[in-house]
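Listed below are the residues making up each chain.
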Amino acid sequence: MANKDIKMMGRVVDLRSDTVTKPNEVMRAAMAAADVDDDVLGTDPTAFKLESELAKIMGKEAALFVPSGTMANLISVMVHCEVRGSEVILGDNSHIHVYENGGISTIGGVHPKTVRNNPDGTIDLEKIEKAIRGTNNELHYPTTKLICLENTHGNCGGKCISKEYTDKVGELAKKHGIKLHIDGARIFNASIVCLSKGLGAPVGSVIVGSKPFITKAKKLRKTLGGGMRQVGVLCAAAYVGLRDIVPKLIDDHKRAKLLADGLKEMEHFCLDSNSIESNMIFFDIKEPSKLSPARLCEVLEDHGVLAMQASSTSMRLVLHYQIADADIQYVLTSIKQAVEQIITEGTKNGKMFQKSVASYATN
């Protein structure tokens, strides 16, 4: 939908993604008043403040602000896989593999070895270990240098990966002398931390790690064109999100659960509301031939509800801090009305088709 079309609407409830959040007035004021300098030279005080705070929160030595989560993942993989042709093990449904334009291969020269994701976002430990190759100097295989996990896992319904599971993968990685990277785009809802999703900042992600790792990452950021000068203007908004929005993310999760409970009661949909672990809802449409996700999204737009088709048979809704309690009931009512409209249209069209066939037969 075009931006001008959205502006022409009355009430809008945007559930396409948590990336649609806009900086609030406190963020905008912080951006205007930000103390800035040249971050490429390492002297922007607001960037340093944000990076230091996130390193502390995540229990790491250092951090680095970058323009996007995709760049954060690419940089991290390239730092871990310094030798071109190295291999990374990652889930077949992971964001890095599915949605990042093959950057680790085309730019990083890193070979992806995919392993099937379980519905909860994990990968079986035995399958990870079986996928490790080249560590004994085998002639024909690339050498595994890295394992990537995603937390929370977007394509698996926003599932949270447990610390216990992550620790087990970490132990497995150490056993074979390889590294572990966590794509934590929504990790506060559950490494890299994305600031422009649930936190509401306009731009940016932060990579966290050891000081030597971040030193290498900073050089790659420059190589990839991600070094920005007075970036404190952006970091100021992110810091507000870190301070003010993170404590409220639990409310997004509660609203997601309420919305899922309401959808569960509708006969045309199938979902397990008990499986909702964060701010994302995926649900299946029982008879997509009668009620297609594309058509449902189209009709919902007329109600000012913006949603996203996940597949030819399923839908995705994502909650964020700019969705209020009152919006949940409005969305449920709008979905009911949209479904009724589509089903009624289908019935009328079916009857018209039958009449035309009968008329043709009599003639």
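It should be noted that the structure appears before, not after, this text.
Residues numbered from 1 in each chain as written. Predicted model: local features only at pLDDT ≥ 70, side-chain atom pairs only at ≥ 80, totals over all residues. Heavy atoms only, no water.

**Some points on the overall build of the chain**
- Helix and strand counts for the chain stand at 13 helices and 13 strands.
- Principal axes of the C-alpha set define a box for the chain whose edges measure 80 × 55 × 35 Å.
- Here the chain, with 363 residues, has 48% of them falling under the buried criterion.
- Accessible surface, the chain as shown: approximately 17,900 Å² in total, 52% of it carbon and sulfur.
- The centroid of the 45 positive side-chain charges in the chain is displaced by 2 Å from the centroid of its 43 negative side-chain charges. (Helix = DSSP H or I, 4+ residues; strand = E, 2+ residues; numbered from the N terminus. Buried < 20%, exposed > 50% of the residue type's maximum accessible area, 1.4 Å probe, protein only. Areas by Shrake-Rupley, 256 points an atom, 1.4 Å probe, with all protein chains shown as cover. Lys, Arg positive; Asp, Glu negative; His and termini not counted. Charge placed at Lys NZ, Arg CZ, Asp CG, Glu CD.)

**Details of empty space enclosed by the protein**
- What the largest cavity holds in volume is close to 80 Å³.
- Forming the boundary of the largest cavity are 13 residues, of which G91, S94, C148, L149 and E150 lie nearest the centre.
- At the level of secondary structure, the elements contributing two or more residues to the lining of the largest cavity comprise strand 3 (87–91), helix 5 (95–99) and strand 5 (144–150).
- Broken down by class, the residue content of the lining of the largest cavity amounts to five nonpolar, six polar and two charged. (1 Å grid on protein atoms, 1.4 Å probe; cavity = no way out; pocket = protein on both sides within 12 Å on 5 of 7 lines; lining within 4 Å. Points joined across faces, edges and corners; volume = space filled by probe spheres on them. Nonpolar A, V, L, I, M, F, W, Y, C, P; charged D, E, K, R; others polar.)

**Here we look at the packing of helix 2 (residues 25–32) against helix 10 (residues 232–245)**
- For the pair helix 2 and helix 10, interaxial distance at closest approach is 8 Å and the crossing angle is 145 degrees. Note on packing geometry: the crossing formed by helix 2 with helix 10 is right-handed. Together, V26, M27, A30 and M31 of helix 2 and V233, L234, A236, A237, V240, G241, R243, D244 and I245 of helix 10 make up the contact between the two elements.
- Residues belonging to the contact of helix 2 with helix 10 are distributed by class as follows: 10 nonpolar, one polar and two charged. (Axes fitted to C-alpha atoms, helices over the stretch in contact; angles between N-to-C directions. Left-handed = near helix turned anticlockwise from the far one by under 90°. Contact = heavy atoms within 4.5 Å.)

**Focus on the layout of surface pockets**
- Approximately 690 Å³ is the volume attributed to the second largest pocket.
- G154, N155, G157, F282 and R316 are, among the 36 residues lining the second largest pocket, the residues nearest its centre.
- Secondary-structure elements contributing two or more residues to the lining of the second largest pocket are helix 5, strand 10 (280–285), strand 12 (308–309) and strand 13 (314–318).
- Looking at which element gives the most residues to the lining of the second largest pocket, the answer is strand 10, with five residues.

**Quick look at the packing of helix 3 (residues 45–58) against helix 10**
- Look at helix 3 against helix 10: their axes get within 8 Å of each other, and the N-to-C directions meet at 35 degrees. The crossing of helix 3 and helix 10 is left-handed. Side by side, helix 3 and helix 10 meet where T46, A47, K49, L50, E53, L54 and I57 of the first sit next to G232, C235, A236, A238, Y239 and L242 of the second.
- Class assignment for the residues of the contact of helix 3 with helix 10 results in nine nonpolar, two polar and two charged.

The quantities given are spatial measurements derived from coordinates; they are silent on function.
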